Amino acid sequence: MTGDAGQPSGEVVVELERLCVEVAAEASRFIRDERPDRVRVAQTKSTETDVVTLMDTASERLIHERLLAARPDDGILGEEGADVAGSSGLTWVVDPIDGTVNYLYDIPAYAVSIAVVTGDVSVAGGWTVVAGAVADPSRRVVHHARRGGGSWTVAEGEGPDSRTGRALHVSDETLLARTLLATGFGYAAETRARQAEVMTRVLPAVRDIRRIGSAALDLVRVAEGTVDAYAEAGLNPWDLAAGWLLVEEAGGVVTGTGRHPGKELTVAAPPSLVDEVKALFVG
Ligand code: IPD
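In this text, all values refer to a predicted model and were calculated from it rather than measured experimentally.

1. Here we look at the domain arrangement of the protein
Part 1 of the reasoning: Once the domains are mapped, the protein shows domain 1 (10-167) and domain 2 (176-281).
Part 2 of the reasoning: The gap between the C-alpha centroids of domain 1 and domain 2 is 20 Å.
Part 3 of the reasoning: Of the residues lining the interface, 41 residues belong to domain 1; the matching set on domain 2 comes to 24 residues.
Part 4 of the reasoning: In this structure, the connection of domain 1 to domain 2 is made through 3 salt bridges.

2. Considering the UniProt feature "binding site: Mg(2+)" (unreviewed entry) in the protein
Part 1 of the reasoning: According to UniProt, the feature "binding site: Mg(2+)" (unreviewed entry) maps to Glu79, Asp95, Ile97, Asp98 and Asp239 in the numbering used here. Across 161 residues of sequence, these annotated residues stay compact in space, with a maximum C-alpha separation of 9.6 Å.
Part 2 of the reasoning: For Asp95, the residues in contact, after removing those within four places along its chain, are Glu79, Ala111, Val112, Ser113, Trp238 and Asp239.
Part 3 of the reasoning: With respect to the secondary-structure elements, Asp98 resides in strand 4 (residues 90-98).
Part 4 of the reasoning: Overall, Asp98 belongs to the buried group, its relative accessible area being 6%.
Part 5 of the reasoning: Ignoring any residue separated from it by four or fewer positions in sequence, one finds Asp98 in contact with Tyr110, Ala111, Ser214, Ala215, Ala216, Leu217 and Asp239.

3. Focus on the nonpolar core
Part 1 of the reasoning: Of all hydrophobic cores here, the largest spans 36 residues; its most connected members are Trp127, Val129, Val134 and Tyr230.
Part 2 of the reasoning: Broken down by secondary-structure element, the contributors of at least two residues to this core are strand 5 (111-119), strand 6 (127-136), strand 10 (180-183), helix 5 (215-224) and helix 6 (237-249).
Part 3 of the reasoning: At 8 residues, the largest contribution of residues to this core is made by helix 6.
Part 4 of the reasoning: Both of domain 1 (10-167) and domain 2 (176-281) provide at least three residues apiece to this core.
Part 5 of the reasoning: Once residues lying within four places of it in the same chain are set aside, the contact partners of Val129 are Ala115, Val116, Val117, Arg147, Ala241, Trp244 and Leu245.

Thresholds applied
Residues numbered from 1 in each chain as written. Predicted model: local features only at pLDDT ≥ 70, side-chain atom pairs only at ≥ 80, totals over all residues. Heavy atoms only, no water. Domains from an automatic or database assignment. Contact = heavy atoms within 4.5 Å. Salt bridge = Lys/Arg side-chain N within 4 Å of Asp/Glu carboxyl O. UniProt positions renumbered as here; feature names shortened; annotations may be inferred. Helix = DSSP H or I, 4+ residues; strand = E, 2+ residues; numbered from the N terminus. Buried < 20%, exposed > 50% of the residue type's maximum accessible area, 1.4 Å probe, protein only. Core = buried A, V, L, I, M, F, W, Y, C linked by side-chain atoms within 4.5 Å.

Structure representation (structure tokens):
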């Protein structure tokens, strides 16, 4: 199944992308159409405000069932923790609802993010995204990419090769002062205090900031050029995996404090802006 350096063959990658799109679309319909009038918090994680709803868990269960039925030898790493060790060298990195706080409050900016990667996801810089999809239930679309295949948006329910698919391209902005920058903040108070300090450098330097509340959708917006750039510290692999590939395949650069995005920092921007945006966040 695998070709050079443990990477899956072209044919397999096409099938992996198709599976990302199909499963993300199904989970997207599920969390939108089955959303209870009052979403309940099932548990909290890192802080009182870092919540898991019953729908996060149900969406994760649905995604796992579909992925394991189609790819029983692959591993799964999910935000809500029901991880599966695999033997194929491929791992699915899943966020069943990214933007859970928006979902809780019925703010239409949440997503399902599914990516398939090679390498060791627990090692920063030790893994590569092969294919991914971010479904946006509110816009009823799925954004998808496979390495070397470009970044695309299709209507929810369409396959990755839909004739009505739209190719994504990052913004052509070149000036930091005109940059609309998406960002986000962690759940822990001390992390937020540090992030607020960084904002004192960022806000005077850019056009404005947006705090959309879903890292996956922030990355989609960079890929489609509906914000110019995005930067945030504290992301986990499931927040960024699919969006990382979407941005790269749309002509952008995704980086961190080193070469790879991760917990310390994730920066996504057109090549013309990436160094300046990163410098603002590194200080
Ligand atoms: C969060 C969102 C948010 C970002 C946080 C993430 P969750 O993911 O992506 O925009 O600022 O860093 O943890 O908790 O909604 O899945």
